[in-house]
Amino acid sequence: MNAAAIQPYALLDDQECEQRIRRARQVLGERLVILGHHYQRDEVFQHADFTGDSLKLSRQAAGTKAEYIVFCGVHFMAEVADILTRTDQVSILPDLAAGCSMADMADLQHVEKAWKELGEVLDPDEHVTPVTYINSAADLKAFCGEHGGIVCTSTNARHVLDWSFEHREKVLFFPDQHLGRNTGYTMGIPLEQMVVWDYDKPMGGLTAEQIRQAKIILWKGFCSVHQMFQPEQIDNFKQKYPETIVIAHPESPFEVCRKADFVGSTEYIIKTIAEGKPGSRWLVATELNMVNRLHDQHKAEGTNVHFMSPNVCMCSTMFRIDPQHLTWVLENLVDGVAVNQVSVPENTAELARLALNRMLEVSP
Ligand code: 13P
Ligand code: SF4
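Residues numbered from 1 in each chain as written. Chains lettered and ligands numbered in written order. Predicted model: local features only at pLDDT ≥ 70, side-chain atom pairs only at ≥ 80, totals over all residues. Heavy atoms only, no water.

A word on the sheet that holds strand β2 (residues 50-52). Working definition: the strands of a sheet are paired by backbone hydrogen bonds and lie parallel or antiparallel to each other. Within the open sheet, the four strands sit side by side as β2-β1-β3-β4. Their pairing is parallel. If you trace the sheet from one side to the other, it starts and ends with β2 and β4 (90-92), each paired once. Strand-to-strand, the axes of this sheet are offset by a mean angle of 20°, without reference to chain direction. In this sheet, β2 lies alongside strand β1 (residues 32-37) in parallel orientation, the contact comprising three bridges. Residue Leu-35 lies in a different strand from β2, and its bridge partner there is Phe-50. Contacting β1, β3 (68-72) and β4, helix α16 (residues 323-334) crosses the sheet at an angle of about 175° to β3. (Pairing = 2+ DSSP bridges. Helix = DSSP H or I, 4+ residues; strand = E, 2+ residues; numbered from the N terminus. Axes fitted to C-alpha atoms, helices over the stretch in contact; angles between N-to-C directions. Contact = heavy atoms within 4.5 Å.)

The structure is reproduced here in structure tokens:
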């Protein structure tokens, strides 16, 4: 059967999509599971069977028996779902253009080049554990699997770094420098021992001495959404509301996380605010759709949830998953057609699974 094209679906209004999504879900029953990341817009999020941060959703994917896993999130998440499930299960991303700009900042070619260049100073396979943030392509996870490395998420970065240092004395951390730095600092690693590898420069722009002294070599990547949060925004807000509690995602810059009362994953932020006192005031450094939802959920109890940046900080790639694309992929599944399947070649998946399973074993 031929896949219906997206074009006619693009003309549907959200209400019609909602009804058609519900109908398709009824027909597909337990053959389908919809996973929704916290950054998804409400019109999509409401249809998720399970919601969560990257770690929680990876575990959901690994544990599901459903034939179809429709991942309302970004590309690396659907890849992880494919890697952690049986070969007869199908992982679908409603819009294949929903990537992650941070994940795109590291690719296999540049990481292999870095590994080779580090080899001019020390034997990386003996001294360096490669750690990739889950926000990365499958072949980088495979690289970590092959070189005794591991994957981390914002929830388990501390556990993963502990594990890494038990095996080798240094870490090459990619692609997010902020998560690496923020986590390393809370472990007591001084900033001077966390150097930035500029992948556009020979030897990452570092001297042999800097590499020898480093505990963590941080890839020069960042999230363009979280990069927008600044420590001055906290100071300005607190001038007006001094009682404010500040909570930040660890992809935020170091100075923001230093000033925050709490730092953690999307799931952690949701849980911490839910456990806060009614009537409390929160300033939150993470994606806009999630903060707006928290604001709406807590306003009845008098709790105020504010977004940290005065500028819009939406994840535009997460936003690509809309009700129209969700309707499109679900109705095709009803017709027996898997559109926008994300499939990782088995030789890559096997090595990536090694690194992902190491992560799942050390995760809290
Ligand atoms: P979480 O795992 O905390 O949900 O983070 C994923 C992400 O992409 C944040 O930008
Ligand atoms: Fe990637 Fe940043 Fe979007 Fe998260 S918020 S998916 S890190 S671009």
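Taken together, the buried positions of helix α9 (residues 157-167) are Ala-157, Val-160, Leu-161, Trp-163, Ser-164 and Phe-165. Buried residues belonging to α9 abut β5 (128-133), β6 (150-152), β7 (170-174), α10 (177-186), β9 (216-219) and α17 (346-362). (Buried < 20%, exposed > 50% of the residue type's maximum accessible area, 1.4 Å probe, protein only.)

Quick look at the site of ligand 1 now. The environment of ligand 1 is formed by His-37, Tyr-39, Asp-53, Ser-54, Tyr-133, Asn-135, Ser-154, His-226, His-249, Glu-251, Ser-265 and Thr-266. A distance of 2.8 Å separates an oxygen atom of ligand 1 from a polar side-chain atom of His-249. In the model, an oxygen atom of ligand 1 is placed 2.8 Å from a nitrogen or oxygen of the Glu-251 side chain. Here ligand 1, which alone exposes 300 Å², has 96% of that area covered by the protein. More than half of the atoms of ligand 1 fall within 2 Å of the grid points belonging to the second largest pocket. Residues of the shell around ligand 1, tallied by class, amount to two nonpolar, eight polar and two charged. (Near = heavy atom within 4 Å. Polar contact = N/O pair within 3.5 Å; in protein donor to acceptor, adjacent residues only side chain to side chain. Areas by Shrake-Rupley, 256 points an atom, 1.4 Å probe, with all protein chains shown as cover. 1 Å grid on protein atoms, 1.4 Å probe; cavity = no way out; pocket = protein on both sides within 12 Å on 5 of 7 lines; lining within 4 Å. Sits in = over half its atoms within 2 Å of the grid points. Nonpolar A, V, L, I, M, F, W, Y, C, P; charged D, E, K, R; others polar.)

Taken in spatial order, the five strands make up an open sheet running β6-β5-β7-β9-β8, and their pairing is parallel. The open sheet has two edge strands with one neighbour each: β6 and β8 (194-197). Taken over all neighbouring pairs, the strand axes of this sheet differ in orientation by 25° on average, direction set aside. Taken together, the three bridges between β7 and β9 define a ladder with parallel strand orientation. Considered in β9, the bridge of Phe-173 is made with Leu-218.

Space inside the largest pocket adds up to approximately 510 Å³. The wall of the largest pocket is formed by 22 residues, among which Ser-154, Thr-155, Val-263, Gly-264 and Ser-265 lie closest to the centre. Looking at the lining of the largest pocket element by element, the count peaks at four residues for α10. Looking at the lining of the largest pocket, its residues break down into seven nonpolar, eight polar and seven charged. Taken together, 28 residues form the lining of the second largest pocket, with Tyr-39, Asn-135, Glu-251, Cys-315 and Met-318 sitting closest to its centre. Across the lining of the second largest pocket, the residue classes tally to eleven nonpolar, 14 polar and three charged. (Points joined across faces, edges and corners; volume = space filled by probe spheres on them.)

Attention now moves to the pattern of salt bridges. Tallied over the full model, the rule gives 20 salt bridges. Between Arg-86 and Asp-88 there is a salt bridge, with the nearest N and O atoms lying 2.9 Å from each other. By relative accessible area, Arg-86 is classed as partly exposed at 43%. The partner of Lys-220 in a salt bridge is Asp-198, with the nearest N and O atoms 3.4 Å apart. In this pair, Lys-220 is assigned in the loop between β9 and α12 (231-240) and Asp-198 in the loop between β8 and α11 (208-213), connecting sequence segments 22 residues apart. With a relative accessible area of 11%, Asp-198 lands in the buried category. A single salt-bridge network, built from bridges that share partners, covers Glu-16, Arg-20 and Glu-331. (Salt bridge = Lys/Arg side-chain N within 4 Å of Asp/Glu carboxyl O.)

Judged by side-chain charge, Asp-107, Glu-112, Asp-123, Asp-125, Glu-126, Asp-139, Glu-146 and Glu-169 come together as a negatively charged surface patch. Listing elements by their share of the negative patch, those giving two or more residues are α7 (124-127) and α8 (138-146). Checked against the element boundaries, Glu-112 lands in helix α6 (residues 108-118). When its relative accessible area of 43% is taken as the criterion, Glu-112 is described as partly exposed. (Patch = residues over 30% accessible without salt bridge, like charges linked within 9 Å, V, L, I, M, F, W, Y side chains within 5 Å. Lys, Arg positive; Asp, Glu negative; His and termini not counted. Charge placed at Lys NZ, Arg CZ, Asp CG, Glu CD.)

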